Structure formats: C-alpha cells, structure tokens
Amino acid sequence: MPRIPYPNLDTASPEVRDMLGRLPAPANIFNMMAHAETLLKPVMKLGGSMLGKMQLDPLLREFVILHSAKLAHGEYEWVQHVPIAHDLGGTEAQTKSLERGNEADASFTPAQTAALRLTRELVLDGRGSEATLAAARAHFSDREIVELILTCGFYVMLARFTETLGIEPEPPMGSALIR
C-alpha cells in the first residue's frame, strides 16, 4: 500500500502524460514519480539510456541491477528485472544466487563476479575498495566501470524511492521495457 497517494494523472501536464504513455504498460514507480513533474522526464531518459545505450553487456547490466536491488531491499526493481535477466540468457541458478546475495557462485564468470563484488561494495560500503576496483578493471573498460557504478547508484536510488513510498510492483513488463 503506498504511503502517499498516487497523483491524479488526468490532471498531469501533457509532458508527463506523454512520458508515461511511452511505457509498454502502466508502471506504478513512474506514476508515483509524476508528483515531481520536472524530474520524471530526466529520470526516465536516464533509465532508458541505461537499458539501451551502454557498452556494458546487457546481461551483466541486469545482474548489477538485480544485485543492487536485492542488497538495497528494492523488491519492485527485483520483480521487474528478473524476467529481463532470464530473457537475456541469465539462468535461474544465477538469479537465485543473487537473491541470496551470493555473487561468488560458480555460475558466474570471473568478469561477472568481479562486477558483482564491486556492486556489493558500492551498495553496502558506499564505495568500491582499491582491490575490488582493480579486479573489475582487469575485465572492463573505464567506460564500462563508470556505467556499472552509475547503474548501481541509479537502481539503489529507485529502491529507496519504491520502498520508502510503498510502491506496489505490478506484473513485470519483461523485455518490452528494454525494446
């Protein structure tokens, strides 16, 4: 149950209605975000760029999103992104490992493990250690490292938003969200 009411979208600005209309299905997270009309479009554009315009491997991006969401207690994003990870080739064993907070599971490649360890430190410690960053840099370009850090931070922010306001997950949009 949401802790504040959703805004009346019938009285929202044309720009807000346009942005929400671009989604493949209604999304409670963005409906609630419409309270902050001037932030909705930039947040949606940033999220869209993360889902479709990064060099970071799409499956790894989803693992970073899932690990960030689970560590930050973001059930909404977890529900939305598990099907996307599976559509991109992630296995049930991998998502179950992330659900348990285990980024060192043998089902992950060394590169995925390095990225997920960095994700853990970013969420729980607020920064990656020198050793963990060096391990990730052995697998990823500087651009990919920056994209990973920004993705992690963005999805932690969304977890804080959805959990604080009690935003209910709707059925997952799956890969329709990234198309």
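This text gives an overview of the structure that appears in the document. (Residues numbered from 1 in each chain as written. Predicted model: local features only at pLDDT ≥ 70, side-chain atom pairs only at ≥ 80, totals over all residues. Heavy atoms only, no water.)

Thoughts on the side chain of Glu144
So, step 1. The residue Glu144 is located in helix α9 (residues 142-165) in this model.
So, step 2. Apart from residues lying up to four places away in sequence, Glu144 is in contact with Gln55, Leu56 and His139. (Helix = DSSP H or I, 4+ residues; strand = E, 2+ residues; numbered from the N terminus. Contact = heavy atoms within 4.5 Å.)

Quick look at the pattern of salt bridges
So, step 1. Here the structure, examined in full by the defined rule, presents nine salt bridges.
So, step 2. Lys96 serves as the salt-bridge partner of Glu99, at 3.6 Å between the closest nitrogen and oxygen. With Glu99 and Lys96 both in helix α6 (residues 92-99) and three residues apart, this pair spans about one turn of that helix.
So, step 3. Of the residues examined, Glu99 reaches a relative accessible area of 37% and is grouped as partly exposed.
So, step 4. Taking relative accessible area as the criterion, Lys96 reaches 38% and is therefore assigned partly exposed.
So, step 5. The residue Arg143 makes a salt bridge to Glu147 at a minimum N-O spacing of 2.7 Å. In this pair, Arg143 and Glu147 are both assigned in helix α9, four residues apart and thus about one turn of the helix distant.
So, step 6. Accessibility expressed as a relative area gives 9% for Glu147, which makes it buried. (Salt bridge = Lys/Arg side-chain N within 4 Å of Asp/Glu carboxyl O. Buried < 20%, exposed > 50% of the residue type's maximum accessible area, 1.4 Å probe, protein only.)

Quick word on the nonpolar core
So, step 1. Core analysis: the largest hydrophobic core is formed by 24 residues, its most contacted members being Leu20, Ala27, Ile29, Phe30, Met33, Leu40 and Tyr155.
So, step 2. Taken together, the elements giving at least two residues each to this core come down to α1 (14-21), α2 (28-33), α3 (37-52) and α9.
So, step 3. At five residues, the largest contribution of residues to this core is made by α3.
So, step 4. Once residues within four sequence positions are removed from consideration, Met33 is found in contact with Leu40, Val43, Leu158 and Phe161.
So, step 5. Listed in part, the 16 residues of the second largest apolar core include Ala72, Ala136, Phe140 and Ile145. (Core = buried A, V, L, I, M, F, W, Y, C linked by side-chain atoms within 4.5 Å.)

Remarks on helix α4 (residues 58-71)
Within an α-helix, residues lying three or four positions from one another point in the same direction, as the helix has 3.6 residues per turn.
So, step 1. Across its 14 residues, α4 extends 20 Å between first and last C-alpha, which sits within 8% of the 20 Å expected from 1.5 Å per residue.
So, step 2. The buried fraction of α4 amounts to 12 of the 14 residues, a majority that puts the element mostly inside the structure.
So, step 3. Along α4, the positions that sit buried rather than exposed are Leu59, Leu60, Arg61, Glu62, Phe63, Val64, Ile65, Leu66, His67, Ser68, Ala69 and Leu71.
So, step 4. Tucked inside the fold, the buried residues of α4 contact α3, α5 (75-87), α6, α7 (110-125) and α9.
So, step 5. The opening residue of α4 is Asp57, an N-cap whose side-chain oxygen sits 3.1 Å from the backbone nitrogen of Leu59.
So, step 6. One or two steps after α4, the chain reaches His73, where phi turns positive at roughly 65 degrees. (Expected span 1.5 Å × (residues − 1). Polar contact = N/O pair within 3.5 Å; in protein donor to acceptor, adjacent residues only side chain to side chain.)

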